[in-house]
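Notes for the structure review
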Amino acid sequence: MTRPSWAEYFMTITKMVAKRSTCLRRHVGAILVKDRRILATGYNGAPAGLTHCHEAGCLREDSSVPSGERHELCRGLHAEQNVIIQAAYHGIPIADSTLYCTNKPCVICSKMIINAGIKKICCDQGYDDPLADQMLAEADIEIARFTP
């Protein structure tokens, strides 16, 4: 048996976290890791206690909003937002951590990642966002595409 690398191990967990997503369009998972320890997890979906999209319907789908645009027209939070919020809610410091995410962060999440002090992003797939790339590069945050 071949033992998985740390990146494979954490990305496998991230993909499992994504399965909790309540989004009708895309299931995204995120975890924060520091010193090979998982600090927090997050997935995309409606805020806690609110009606999930599979019950309320998708505002983005109903309005024909293309993927990667008008992020504010959504009931849900992104997985990256939720993982940062979960860490804050539970008092877990995340400075200098690595974000593992099934999708590349958008510009809104990238700004939160920068201010949260996250130092590296390992992502699997996703749409390109030139402004997010520019801001993450300016903040000296490493982006690594996961390749199994």
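Residues numbered from 1 in each chain as written. Predicted model: local features only at pLDDT ≥ 70, side-chain atom pairs only at ≥ 80, totals over all residues. Heavy atoms only, no water.

This brings us to the packing of helix α4 (residues 79-89) against helix α5 (residues 107-116). In contact at an axis separation of 9 Å, α4 and α5 are set at 30° when each is read in the N-to-C sense. Between α4 and α5, the angle is such that the two are roughly parallel. Read as a crossing pair, α4 and α5 show a hand that is left-handed. Contacts between α4 and α5 involve Glu80, Gln81 and Ile84 on the former and, on the latter, Ile108, Cys109, Met112, Ile113 and Ala116. A per-class count over the contact of α4 with α5 returns six nonpolar, one polar and one charged. (Axes fitted to C-alpha atoms, helices over the stretch in contact; angles between N-to-C directions. Helix = DSSP H or I, 4+ residues; strand = E, 2+ residues; numbered from the N terminus. Parallel < 35°, antiparallel > 145°, perpendicular 65-115°, else oblique. Left-handed = near helix turned anticlockwise from the far one by under 90°. Contact = heavy atoms within 4.5 Å. Nonpolar A, V, L, I, M, F, W, Y, C, P; charged D, E, K, R; others polar.)

What follows is about the nonpolar core. If you look at the biggest cluster of nonpolar residues, it comprises 18 residues, and the most contacted ones within it are Val83, Ile84, Ile94, Leu99, Ile113, Ile118 and Ile121. Ranked by the residues each element gives to this core, the list is headed by α4, at four residues. Those residues in contact with Ile113, other than ones at most four positions away along the chain, are Ile84, Leu99, Pro105, Ile118, Ile121, Leu136 and Ile141. (Core = buried A, V, L, I, M, F, W, Y, C linked by side-chain atoms within 4.5 Å. Buried < 20%, exposed > 50% of the residue type's maximum accessible area, 1.4 Å probe, protein only.)

A few words now on the side chain of Ser110. For Ser110, the location among the structural elements is in helix α5. At 2.8 Å, the side chain of Ser110 forms a polar contact with the backbone oxygen of Cys106. Excluding its chain neighbours within four sequence positions, the residues that come into contact with Ser110 are Pro105, Ala132 and Leu136. (Polar contact = N/O pair within 3.5 Å; in protein donor to acceptor, adjacent residues only side chain to side chain.)

A few words on the side chain of Lys104. Among the secondary structure elements, Lys104 is positioned in the loop between β3 (98-103) and α5. A polar atom in the side chain of Lys104 sits 2.6 Å from the side chain of Asp133. In contact with Lys104, other than residues within four places in its own chain, are Glu80, Cys123, Gln125, Gly126, Tyr127, Asp128, Asp129, Asp133 and Arg145.

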